[in-house]
Amino acid sequence: MLGDESRYLKLSGIQYLETILRNTATIIHKAGKCPTSEPEVYKAVRNVLEAIFPSAQSPKSNFIKTAQEYKPDILLPELSAAVEYKYADSETKLKATIAQISDDVKGYTGDSDYNLFYAVFYVKGDFWGEDKFRTAWNEKKFPKNWRAFYIVGK
């Protein structure tokens, strides 16, 4: 029974997390922010996540490679999830950030505490629309444990 309860709580947590990620633009708008960089976006959302998932405050990971240490923007140990935000204010930048996630996929390995990864693309204008974004995402053939959100902000 404890296993079922634990699994249920984790699934509920994932649903809350995904709802928060989908509402990134609303969170930023209600905070009165107009971000101009990736850190400004994920810090606003991290404040909300820390209120719901206390372990998100100072998590650690072991995504360390020979040439570089990979640090996701937000780690949620109780959900075994990591969140990477990308910011784009042009179509060219959006293409580049999708390519950066390809590198992150290779880098975010070797830590068995995290097995679900989110890439949240916050764009300043709807350069592509959701359908074109999904097509570009699917063309990269990202692993199934990576989920993407296309968020249009101001």
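Whatever comes next refers back to the structure up there.
These lines cover the structure that appears in this document, whether it is placed above or below. Being a predicted model, the structure only gives us computed values, none of them experimental.

What follows deals with the overall build of the protein chain. Looking only at helices and strands, the protein chain features five helices and four strands. Order of helices (α) and strands (β) in the protein chain, N terminus to C terminus: α-α-α-β-β-α-β-α-β. For 154 residues, the compact-globule estimate of 2.2 N^0.38 gives 15 Å, and the protein chain sits close to it at 15 Å. The principal-axis extents of the C-alpha atoms in the protein chain amount to approximately 50 × 40 × 30 Å. Per-residue burial over the protein chain gives 43% buried out of 154 residues. Long-range contacts, defined here as pairs at least 24 residues apart, represent 71% of the contacts in the protein chain between residues at least 6 apart.

To continue, consider unusual backbone geometry. In this model, Ser 80 sits at a positive phi of 55 degrees, which is unusual for a non-glycine residue. As for its position among the elements, Ser 80 is in the loop between strand E1 (74–76) and strand E2 (81–88). For Lys 141, which is not glycine, the phi dihedral falls at a positive 55 degrees. By the secondary structure assignment, Lys 141 is in the loop between helix H5 (130–139) and strand E4 (146–153).

Glancing now at the sheet that holds E2. Reading across the sheet, the four strands line up as E1-E2-E3-E4 and stay open at both edges, with mixed pairing between neighbours. A single partner strand is all that each edge strand has here, and the edge strands are E1 and E4. This sheet shows a mean twist of 20 degrees between the axes of neighbouring strands, independent of strand direction. Set on the sheet, helix H3 (residues 38–52) makes contact with E1, E2 and strand E3 (116–124); between it and E2 the angle comes to about 145 degrees. On the sheet, helix H4 (residues 91–107) packs against E2, E3 and E4 and is oriented at approximately 155 degrees with respect to E2.

We now examine the pairing of E4. Burial analysis of E4 places six of its eight residues in the buried class, the great majority of the element. Sheet topology note: the E3/E4 ladder contains eight bridges and is parallel. Looking across to E4, one finds that Tyr 122 is bridged to Ile 151. After leaving E3, the chain enters H5 and then returns to the sheet as E4, a path that is right-handed.

The next subject is H3. Helical geometry: 3.6 residues make up each α-helical turn, so side chains three or four residues apart lie on a common side. For H3, which comprises 15 residues, the first-to-last C-alpha distance of 22 Å matches the rise-based estimate of 21 Å (1.5 Å per residue) to within 8%. Among the residues making up H3, those that are buried are Val 41, Tyr 42, Ala 44, Val 45 and Leu 49.

Calculation notes
- Residues numbered from 1 in each chain as written.
- Predicted model: local features only at pLDDT ≥ 70, side-chain atom pairs only at ≥ 80, totals over all residues.
- Heavy atoms only, no water.
- Helix = DSSP H or I, 4+ residues; strand = E, 2+ residues; numbered from the N terminus.
- Rg over C-alpha atoms; globule rule 2.2 N^0.38 Å.
- Buried < 20%, exposed > 50% of the residue type's maximum accessible area, 1.4 Å probe, protein only.
- Contact = heavy atoms within 4.5 Å.
- Pairing = 2+ DSSP bridges.
- Axes fitted to C-alpha atoms, helices over the stretch in contact; angles between N-to-C directions.
- Right-handed = clockwise from strand over helix to strand, strands pointing away.
- Expected span 1.5 Å × (residues − 1).

By themselves, these figures tell us nothing about what the structure is for.
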